[in-house]
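# Analysis of the macromolecular model
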Amino acid sequence: QVQLVESGGGLVQPGGSLKLSCAASGSIFSIDAMGWYRQAPGKGRELVAIITNGDSNNYADSVKGRFTISGDNAKNTVYLQMNSLKPEDTAVYYCNAVLLFRASGPKYNYWGPGTQVTVSS
């Protein structure tokens with residue numbers, strides 16, 4: 001059984017910072033990619049940032065220069081450092097992981113339950 005456990009969400013004032021963490025646990029052979037998506041009220045889910053097994057990063061244009069994604073392979077954990085937060089960053093943030101359970105096996109997509117980030121004065 002695979003679990004993605006997220007932490008670090010909360011309420012922050014505009015211009016403030018938060019750091020999200022997501023740890024994957026279970027009988028995982030390897031992680032192909034981990035990332036963060038978000039969904040604001042009345043909107044669809046969108047990619048925020050993703051990091052691949054080869055340490056390649058990709059960011060949404062709206063967060064470039066403000067957010068930084070990083071990973072700890074030994075802990076199967078991904079982090080999202082969010083700086084200079086804006087009210088439009090308010091959303092539920094979801095961790096995503098693409099996992100393999102055996103060498104050269106198929107890839108499986110998993111989601112965390114989500115953590116609320118609210119940017120408001």
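Residues numbered from 1 in each chain as written. Predicted model: local features only at pLDDT ≥ 70, side-chain atom pairs only at ≥ 80, totals over all residues. Heavy atoms only, no water.

## Here's the deal with the pairing of strand 3 (residues 18-25)
Examined bridge by bridge, strand 1 (residues 3-7) and strand 3 share 5 bridges and lie antiparallel to one another. In the strand pairing of strand 3, Val5 is matched with Ala23. Sheet topology note: the strand 3/strand 8 (residues 77-82) ladder contains 6 bridges and is antiparallel. The partner of Leu18 across the bridge, within strand 8, is Met82. (Pairing = 2+ DSSP bridges. Helix = DSSP H or I, 4+ residues; strand = E, 2+ residues; numbered from the N terminus.)

## Topic: the environment of Leu85
Along the chain, Leu85 turns up in the loop between strand 8 and strand 9 (91-100). Its relative accessible area of 2% is what places Leu85 among the buried residues. When neighbours within four sequence positions are excluded, Leu85 is seen to be in contact with Val12, Pro14, Gly15, Gly16, Ser17, Leu18, Arg66, Phe67 and Val119. (Buried < 20%, exposed > 50% of the residue type's maximum accessible area, 1.4 Å probe, protein only. Contact = heavy atoms within 4.5 Å.)

## Notes on the sheet that holds strand 1
Across the sheet, which stays open at both edges, the 4 strands sit in the order 1-3-8-7 with antiparallel pairing between neighbours. Of all strands in the sheet, those with a lone pairing partner are strand 1 and strand 7 (67-72), marking the two edges. Ignoring which end each strand starts from, the neighbouring axes of this sheet average 15° apart. (Axes fitted to C-alpha atoms, helices over the stretch in contact; angles between N-to-C directions.)

## What to know about the nonpolar core
Among the nonpolar cores identified, the biggest contains 30 residues, and Trp36, Leu80, Met82 and Tyr93 are the most heavily contacted of them. Every element with two or more residues in this core is listed here: strand 3, strand 4 (30-39), strand 5 (46-52), strand 7, strand 8, strand 9 and strand 11 (115-119). Of all the elements, strand 9 adds the most residues to this core, at 5 residues. (Core = buried A, V, L, I, M, F, W, Y, C linked by side-chain atoms within 4.5 Å.)

## A short note on the state of the cysteines
In protein structure, a disulfide is the covalent linkage between the sulfur atoms of two cysteines. Summed over the entire model, instances satisfying the criterion amount to 1 disulfide. Covalently, Cys22 is tied to Cys95 through a disulfide, its sulfur atoms 2.0 Å apart. Every disulfide takes its handedness from the sign of the S-S torsion; for Cys22 and Cys95 that torsion is -80°, giving left-handed. In this pair, Cys22 is assigned in strand 3 and Cys95 in strand 9, connecting sequence segments 73 residues apart. Cys95 carries the same exposure label as Cys22, and that label is buried. (Disulfide = S-S within 2.5 Å.)

## Some thoughts on the side chain of Asp89
On the secondary structure map, Asp89 appears in the loop between strand 8 and strand 9. Within polar-contact distance, the side chain of Asp89 engages the side chain of Arg66 at 2.8 Å. Setting aside its immediate chain neighbours within four residues, Asp89 contacts Arg38, Arg66, Phe67, Ser84, Val117 and Val119. (Polar contact = N/O pair within 3.5 Å; in protein donor to acceptor, adjacent residues only side chain to side chain.)

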